[in-house]
Amino acid sequence: MPSTPLTAKTASLVSCTICHLLIRKHPAMDDSLGKCPRCGATLRSRKRNSIARTWALILAAFLFYIPANLIPITKVTSLGVVQTDTIMSGVIYFITSGMWPIGLIIFVASVFVPLFKLIILTFLLVSVQRRSCWRQRDRTRLYRLTEAIGRWSMMDIFVVTILVALVHLGAVANIEAQKGAVFFAAVVVITMFAAMSFDPRLIWDIKELEDARKHPA
Amino acid sequence: MKAGSFMACHDCDLLHRIPAISEGMSATCRRCGASLIKTKKNSLERTLALAITGLMLLIMANSFPFLGFKIQGQVRHTLLLTGIQQFYKSGMPWLALLVLFTTVIAPLAQLLSLIYVLLPLKFQHRPPGMFHVFRWMQIIQPWSMMEVFMVGILVSIVKLAKMAQILPDIAVFCFMALIFVLAACLASLDPHLVWDQWEKNGCHPPR
Ligand SMILES: [Zn+2]
Ligand SMILES: [Zn+2]
């Protein structure tokens, strides 16, 4: 008979997110448990309103993702000729001019990673809300992956930063940032906050509920 | 970390009895595979040395010219901060702030707080407010994006190669060295050791 796995929550303990000290939870206390006696961080058994907050941030990110991809991010002036570029037109330029590895890097970092992150987080939220027990270990791994790759989307913003710094020679050659870059930066920041607000322990809380129902103490 | 005491996995909340592990070994969660403990050889000294090196490199990377751009005989030298300034001037203060934060402020705060916490600990002292500083350092960590910026530099160089000649300056090399130093510094940091050292120094936590 499989025994119920003992977690901090089922043992009425709270683990400090910063210093990992375990603190006994008083039954009268609810969500917020005051401060960690060792490091002073706010103690919570689970991240506060994790599901609602993550949903709100994901929806906001999806909303910003559209103008981020439609509005130009740069305006290039070269010998009097003006051209604006969106993220995708930049990618296409590299692929057609024979520099497809660079095109691929930009595509993965700027288009694929944010969308992948949003889809994975949506999937994790839906599976948690449906109390799914399906492949919990893999879903936790997927969460760790979304947390790790999000920062790479900032690459295109950094490329624009360097381009506007370097190419600033008036009518001969000039590159300016456009509003699309602001929307894109917003997508990156919001998806990072979304990944931070999701609590992977929720994936496992279901298991304890199920086990407790199957094998009542 | 004292062997025999308990800790909970930060990703799945499972309780683990901490095994007796020697320096240089690590432990992962048996249920979800998250890394629980990573002990490092000479963690305190190594992290401290790397943090001080990193701080010097970061100052150099921001004071010396960064990249040169040569087109039709005109040469333009830029600093790391030039692009941020351009964003601000063209009415995008939030974008300027974001880039400034992720490439300068966050790494600087990380290095300074590491030195602030580890230097006194090394000499058996108690840095005031250490817990707050260390907590903030961990919160800031995901926003420090130097390695992403480095890839951004490489992409920009390729992108502009057809248009003009790009001349790498001193700061680019400082920057490249800094990325390796910062990565090594964070890899050699063992947060549990910091808490243990605090308790070993006979100090009592605030309140
Ligand atoms: Zn704590
Ligand atoms: Zn775990």
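Before reading further, recall that the structure is shown in the block above.
This structure is a prediction, so every number in the text was calculated from the model and none was measured. (Residues numbered from 1 in each chain as written. Chains lettered and ligands numbered in written order. Predicted model: local features only at pLDDT ≥ 70, side-chain atom pairs only at ≥ 80, totals over all residues. Heavy atoms only, no water.)

## Some words on helix H2 (residues 82-89) of chain B
Among the residues of H2(B), those classed as buried are Thr82(B), Gly83(B), Ile84(B), Gln86(B) and Phe87(B). On its buried face, H2(B) is in contact with helix H5 (155-166), strand E7 (168-169) and strand E8 (173-177) of chain A together with strand E6 (74-78) and helix H3 (93-122) of chain B. At the exit of H2(B) stands Gly91(B), carrying a positive phi of roughly 75 degrees. (Buried < 20%, exposed > 50% of the residue type's maximum accessible area, 1.4 Å probe, protein only. Helix = DSSP H or I, 4+ residues; strand = E, 2+ residues; numbered from the N terminus. Contact = heavy atoms within 4.5 Å.)

## Digging into the layout of surface pockets
In this structure, the second largest pocket spans a volume of roughly 490 Å³. If you go around the second largest pocket, you meet 23 residues; those closest to its centre are Val76(A), Gln83(A), Asp85(A), Tyr93(A) and Lys159(B). Broken down by secondary-structure element, the contributors of at least two residues to the lining of the second largest pocket are strand E5 (74-78), strand E6 (81-85), helix H2 (87-96) and H5 of chain A together with helix H5 (146-160) of chain B. Examining the composition of the lining of the second largest pocket, we find that five residues originate from one element, H2(A), more than from any other. Across the lining of the second largest pocket, the residue classes tally to 13 nonpolar, six polar and four charged. (1 Å grid on protein atoms, 1.4 Å probe; cavity = no way out; pocket = protein on both sides within 12 Å on 5 of 7 lines; lining within 4 Å. Points joined across faces, edges and corners; volume = space filled by probe spheres on them. Nonpolar A, V, L, I, M, F, W, Y, C, P; charged D, E, K, R; others polar.)

## Some points on the packing of aromatic side chains
Considering all chains together, one arrives at 10 aromatic pairs over all chains under this definition. An angle of 40 degrees between the planes, with centres 5.8 Å apart, marks the rings of Phe64(A) and Phe183(A) as tilted. Taken together, the residues Phe64(A) in helix H1 (residues 50-70) and Phe183(A) in helix H6 (residues 179-197) connect sequence positions 119 residues apart. The class of Phe64(A) is partly exposed, set by a relative accessible area of 31%. Judged by centre distance (5.2 Å) and plane angle (45 degrees), the rings of Phe193(A) and Trp143(B) are tilted. (Phe/Tyr/Trp six-rings, centres within 6.5 Å; stacked < 30°, edge-to-face > 60°.)

## Focus: the coordination of the zinc ion (ligand 2)
Residue and element names in this part refer to chain B. For the zinc ion (ligand 2), every protein donor is listed as Cys-9 (SG), Cys-12 (SG), Cys-29 (SG) and Cys-32 (SG), and the spread of their distances is 2.2 to 2.4 Å. Bound by four donor atoms, the zinc ion (ligand 2) shows angles of 103 to 115 degrees at the metal and therefore tetrahedral coordination geometry. Here the donor residues of the zinc ion (ligand 2) share one chain and are spaced in sequence as C-x2-C-x16-C-x2-C. Of the two residues, Cys-9 and Cys-12, both sit in the buried class. (Donors = N, O, S within 2.8 Å, 3.2 Å for Na, K, Ca; no water. Tetrahedral: all angles 85-135°; square planar, octahedral: opposite > 155°, others 65-115°.)

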